[in-house]
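Okay, here's what each chain looks like letter by letter:
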Amino acid sequence: MHAYMVLSARLYLDHAATTPVLPAASQAMMEALSIWANPSSPHLDGRTSRKMVENARAELKAALDWDGEVIFTGGASEAIAMAFNSPKFVRKIVSPTEHDAVLRCAGDAGQRLAVDLQGRVVLTSVQRLLAEREGHALVAVQSVNNETGVIQPVDDIGEIVAKEGGTLFCDCAQSAGKIQLPDADLISISAHKFGGPPGVGALLVKDLGLLSPSGGQEKGYRAGTENVPAILAMVAALKQKSAWLDRAVELRRQLDIAIEKAGGNVIAKDAVRLPNIGGYHMPGVSANAQLIQFDLAGISVSAGSACSSGSLKSSHVLGAMGWDDSHASEVIRVSFGPQTSRADVYRFIEEWTKIFTKARESDSRD
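### A word on the sheet that holds strand E8 (residues 201-205)
Spatial strand order, E2-E8-E7-E6-E5-E3-E4: 7 strands in an open sheet with mixed pairing. The sheet terminates laterally at strand E2 (69-73) and strand E4 (111-112), the two strands that pair on one side only. Across the sheet, helix H3 (residues 44-64) lies against E2, strand E7 (186-190) and E8, angled at about 115° from E2, the strand it touches most.

Here it is in structure tokens:
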């Protein structure tokens, strides 16, 4: 039996990790695979390939309503590194709930903002850290948290950063193609989060003067031949409508209510959250035990970020929100996609309740 036949029978609720490639993106990629010329080559074949890349760049800007520059990358992690590695920034200030890729680039010297119990950045901490000492600061705040779905007040943060002469970087891997981009100076996006293929993304830049040239492609700001098929597929995915998010609002609402009714907890329930991501706490049952049982039941979910779910470390996101390691290790993430249905949510709720009930019955016998 082919692997894809096995997967098709399962319930996939891990779209925040990666979501299936949309048909329009697959078609665009297959058609582009016949274009083998290097976009940097001066001959007609190369110029034809270059024209397609530039058309895709213009279409991406239109789809995201972005009037700045676009640098195609191999994904969000590369885009993040490009921004953080710029020598223009003397200081790095980051939210403690950022994706691991951002925290790694900020390093131990990076200053941490404060967040409240819902995971939202405390605005006064932005003002305080920027005024603390001299030097051009890069302030990084994620648009939508990948573990909790919490939407940060980026526009309010941006006003403070601009007033203090800093630069605002926003990781929009989870939000691009779903909600409007924030007003930031630098933005990273990742195709495989919105129905494009893995291995391609972009860094959106208001002013190229914020970066330093580092390669021979992408106007000198990146080294490596552009992945034309992946770029065209990414843009094709972005051009698709995301009306399914309206349906996700009601689906996530039903899931939140059911989890709480069954005795669980909803992470950041009082914050404004993207409707396709939810974090759920099952008291007394480790996330690892939950994942195993859900997997055996044919349901794919995750414990926090997919990039770190294989580690034994507790979630730094939940830790920053005030959760202790014991309770944080009992939280899983559920994330919807375009095909998620009401029946899918009911199936998950039924299995969640079954796992929790079994665990409590086992505890009562001990």
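The structure having been displayed, the exposition proceeds.
### As for the pattern of salt bridges
Taken as a whole and judged by the stated rule, the model has 18 salt bridges. Residue Asp14 pairs with Arg333 through a salt bridge whose shortest N-O separation is 3.2 Å. Within this pair, whereas Asp14 is found in the loop between strand E1 (11-12) and helix H2 (23-32), its partner Arg333 is found in strand E12 (residues 331-335), the two being separated by 319 residues in sequence. For Asp14, a relative accessible area of 11% puts it in the buried group. Between Arg57 and Glu218 there is a salt bridge; the shortest N-O distance is 2.7 Å. Placement of Arg57 in helix H3 and of Glu218 in the loop between E8 and helix H8 (228-238) is noted, with a sequence separation of 161 residues between them. Exposure class is identical for Arg57 and Glu218. Each is buried. One network of salt bridges, with partners in common, ties together Arg50, Glu54, Arg57, Glu218 and Glu226.

### Brief notes about the sheet that holds strand E9 (residues 265-266)
Spatially, the 3 strands line up as an open sheet ordered E9-E10-E12, and their pairing is antiparallel. What marks the edges here is a single partner per strand, and that holds for E9 and E12. Note: E9 against strand E10 (residues 277-281), 2 bridges, orientation antiparallel. Residue pairing in the sheet places Asn265 in a bridge with His281 of E10.

### Re the state of the cysteines
Put plainly, two cysteines are in a disulfide when a covalent bond ties their sulfur atoms together. Counting across every chain of the model gives 0 disulfides. Cys172 takes part in no disulfide bond, and the closest cysteine sulfur, belonging to Cys170, lies 3.8 Å away.

### Let's talk about the pairing of strand E5 (residues 137-140)
Alternating residues of E5 divide into Ala137 and Val139 and Leu138 and Ala140, and every residue in both groups is buried. The pairing of E5 with strand E6 (residues 167-171) spans 3 bridges and is parallel. Along E6, the bridge assignment pairs Val139 with Leu168. For the handedness criterion, the β-α-β arrangement of E5, helix H7 (residues 154-163) and E6 is classed as right-handed.

### Structural notes on the pairing of E6
The element E6 is extensively covered by neighbouring structure, given that 5 of its 5 residues are classed as buried. Pairing geometry for E6 and E7, over 3 bridges, is parallel. Each residue of the ladder has a partner; that of Cys170, found in E7, is Ile187.

### Things to note about the environment of Gly158
Along the chain, the position of Gly158 falls in helix H7. Judged by its relative accessible area of 15%, Gly158 is buried. Between the C-alpha atoms of Gly158 and Leu168, which are 10 residues apart in sequence, the distance is 6.3 Å.

### A short note on the nonpolar core
Counting residues in each nonpolar core, the largest one holds 46 residues, and the members touching the most others are Leu60, Ile187 and Leu204. The residues contacting Ile187, other than those within four sequence positions of it, are Trp66, Cys170, Cys172, Leu181, Pro182, Ala202, Leu203 and Leu204. Judged by nonpolar contacts, the second largest core, of 30 residues, contains Ala248, Ala258, Ile349 and Phe356.

### Some points on the packing of aromatic side chains
When we look at a pair of aromatic rings, we describe it by the centre distance and by the angle of the planes. Here the structure, examined in full by the defined rule, presents 3 aromatic pairs. Judged by centre distance (4.9 Å) and plane angle (15°), the rings of Phe294 and Phe348 are stacked. Here the residue Phe294 occupies a position in helix H10 (residues 287-296), and Phe348 occupies one in helix H13 (residues 342-365), the gap between them amounting to 54 residues. Of the two residues examined, Phe294 and Phe348, each falls in the buried class.

### Re the confidence of the model for the protein
Caution applies to low-pLDDT parts of the model: their predicted coordinates are not meant to be read in detail. Per-residue pLDDT for the protein has a mean of 94; in total, 95% of the residues score no lower than 70. With pLDDT under 50 throughout, residues 1-6 is counted as low confidence; its partners more than four residues away or in other chains account for 1 contact.

What counts and what doesn't
Residues numbered from 1 in each chain as written. Predicted model: local features only at pLDDT ≥ 70, side-chain atom pairs only at ≥ 80, totals over all residues. Heavy atoms only, no water. Pairing = 2+ DSSP bridges. Helix = DSSP H or I, 4+ residues; strand = E, 2+ residues; numbered from the N terminus. Contact = heavy atoms within 4.5 Å. Axes fitted to C-alpha atoms, helices over the stretch in contact; angles between N-to-C directions. Salt bridge = Lys/Arg side-chain N within 4 Å of Asp/Glu carboxyl O. Buried < 20%, exposed > 50% of the residue type's maximum accessible area, 1.4 Å probe, protein only. Disulfide = S-S within 2.5 Å. Right-handed = clockwise from strand over helix to strand, strands pointing away. Core = buried A, V, L, I, M, F, W, Y, C linked by side-chain atoms within 4.5 Å. Phe/Tyr/Trp six-rings, centres within 6.5 Å; stacked < 30°, edge-to-face > 60°. pLDDT = per-residue confidence, 0-100.

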